[in-house]
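Chain residues, written in single-letter form:
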Amino acid sequence: MVSIGVASDQPGLGVWHNGGYSGFDVDVARYVAKALGYADKQIVFKPVTPRSRVSMLESAQVDMVVSSFGITERHESAVTMTGPYLIVRQDLLVRAADAGDITGIKDMNGRKACVVAGSDVTDAVRSQAPKASIEERDDYGQCLTSL
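Read on for a plain summary of the structure. (Residues numbered from 1 in each chain as written. Predicted model: local features only at pLDDT ≥ 70, side-chain atom pairs only at ≥ 80, totals over all residues. Heavy atoms only, no water.)

It is worth spelling out the sheet that holds strand β4 (residues 20-22) at this point. On the basis of which strands lie adjacent, the open sheet formed by 3 strands has the order β2-β3-β4 and antiparallel pairing. Looking at the sheet topology across the chains shown, the edges are occupied by β2 (9-10) and β4. Of the pairings in the sheet, the one linking strand β3 (residues 14-17) to β4 comprises 3 bridges and is antiparallel in character. Residue pairing for β4: Val15 is matched across the bridge by Ser22. (Pairing = 2+ DSSP bridges. Helix = DSSP H or I, 4+ residues; strand = E, 2+ residues; numbered from the N terminus.)

Here it is in structure tokens:
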């Protein structure tokens, strides 16, 4: 058996829906597990969040994490990284009514930003919009609801 941590709330990457996981990260996880000699029935997926993924690796709750996980100095000092297998950029999700006023992270000065606890986005907002108010939530769904 191999236990793999994946996101459960990131559409297109890792989502728990109808009793199973799907998304690009989940497909990559299955590919890696198969390359390591595991059959599909030997894979156990466990949900991870940006806050929990390192601790779940350190405590051996999962054997690996395949999830949006920035390759940063902080992360590389805590866990062994491979890849990248996907290069993405950070962006903002804003209400349609605010799209004309918020075109970049610097426009968040004086505004409230919701970020998922443990994600690298917190540092980006603090450095590029120091006057923004940061609201941390446990998962992306909670930030969406807050929006």
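This paragraph deals with the sheet that holds strand β5 (residues 43-47). Across the sheet, 3 strands lie side by side as β5-β1-β6; this open sheet has parallel pairing. One side of each edge strand has no neighbouring strand; the edge strands of this open sheet are β5 and β6 (64-65). For strand β1 (residues 2-6) and β6, the ladder comprises 2 bridges, and the chain directions are parallel. Pairing of Ile4 across the sheet is with Met64, part of β6. Most of the contacts of helix α1 (residues 24-35) go to β5, to which it runs at about 145 degrees, and overall it touches β1, β5 and β6. (Contact = heavy atoms within 4.5 Å. Axes fitted to C-alpha atoms, helices over the stretch in contact; angles between N-to-C directions.)

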